[in-house]
Structure formats: structure tokens, C-alpha cells
Amino acid sequence: TLNILAPGVVKHHFTGGFSYKATDHSTFEFAGVFVPQSSVSGPEVTPMGMTPGSDIKLRMYQIQLMGGWTYDF
């Protein structure tokens, strides 16, 4: 039931990143995350569920990109 509210069904993830020092004071950072699709299923047990007693299947995948800039004074 908790996975319906917070579907944490992933099993693996791949991450990578790098930084680039543009000047003596500026650095740019980039990173990414890819989480392949994963699923979980089970019976609906919450009293306010759409159809109590039925099975629910959740699937999710994630893609995340990040960027940053650092400036040293």
C-alpha cells in the first residue's frame, strides 16, 4: 500500500557526471541519472482504494539531469 503513495519500485540506477574548469574561478558541473523501468504488483488493501481486493501494478522509470556553476571569489 505504501508503494501507491510513494512508488519506490526501482532496483538499479546508473549515474555519471563531470566538471569543467572554465577559468581559475569558474567551474561547471554536470551529472545525470538513469533508472530503468521496474514494476511491483500486489493487492489493494487501503479502505479508500478504488476497488478493494483487486491487484495493482505500478511501473516507473526515472531520468534526471543536473547542472551547476561554482564561482570562487
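Each residue is numbered by its place in its chain's sequence as written, counting from 1. It should be noted that, the model being predicted, local features are given only for residues of pLDDT at least 70 and side-chain atom pairs only at 80 or more, the latter also being counted only at that level, while totals for whole chains, interfaces and linings use all residues. Note: side-chain values were computed over all heavy atoms of the structure, leaving out hydrogens and water.

**Student:** Sorry if this is basic, but what is going on with the overall build of the chain here?
**Tutor:** Under the DSSP-based scheme used, a helix requires at least four consecutive residues in state H or I and a strand at least two consecutive residues in state E, with every element numbered from the N terminus. On a plain count of helices and strands, the chain comes out with 1 helix and 3 strands. Expressed as a percentage of the 73 residues in the chain, the buried residues total 14%. Put simply, 52% of the contacts in the chain that link residues at least 6 apart link residues at least 24 apart. Carbon and sulfur atoms make up 61% of the accessible area of the chain, which amounts to about 6000 Å² in all. The classification of residues rests on relative accessible area computed with a 1.4 Å probe and restricted to protein chains. Under 20% of the type maximum is buried, over 50% is exposed, and intermediate values are partly exposed. Residue contacts follow a heavy-atom distance rule, with two residues in contact if any of their heavy atoms lie within 4.5 Å. Working definition of accessibility: Shrake-Rupley area with a 1.4 Å probe, residue cover restricted to the visible protein chains.

**Student:** Hey, could you run me through the confidence of the model for the chain in this one?
**Tutor:** Low-confidence regions, as indicated by low pLDDT, have predicted coordinates that should not be scrutinised in detail. Per-residue pLDDT for the chain has a mean of 83; in total, 77% of the residues score no lower than 70. Residue-level confidence of the predictor is summarised by pLDDT, bounded by 0 at the bottom and 100 at the top. Here helix α1 (residues 2-5) stands out as the element of the chain with the lowest mean pLDDT, 60, in contrast to strand β1 (residues 14-21), whose mean of 97 is the highest.

**Student:** Where do I start with the side chain of S38 in this structure?
**Tutor:** The residue S38 is located in strand β2 (residues 26-43) in this model. Sequence-distant contacts of S38, defined by excluding residues within four places in its chain, comprise V9, V10, K11, L58, R59 and M60.

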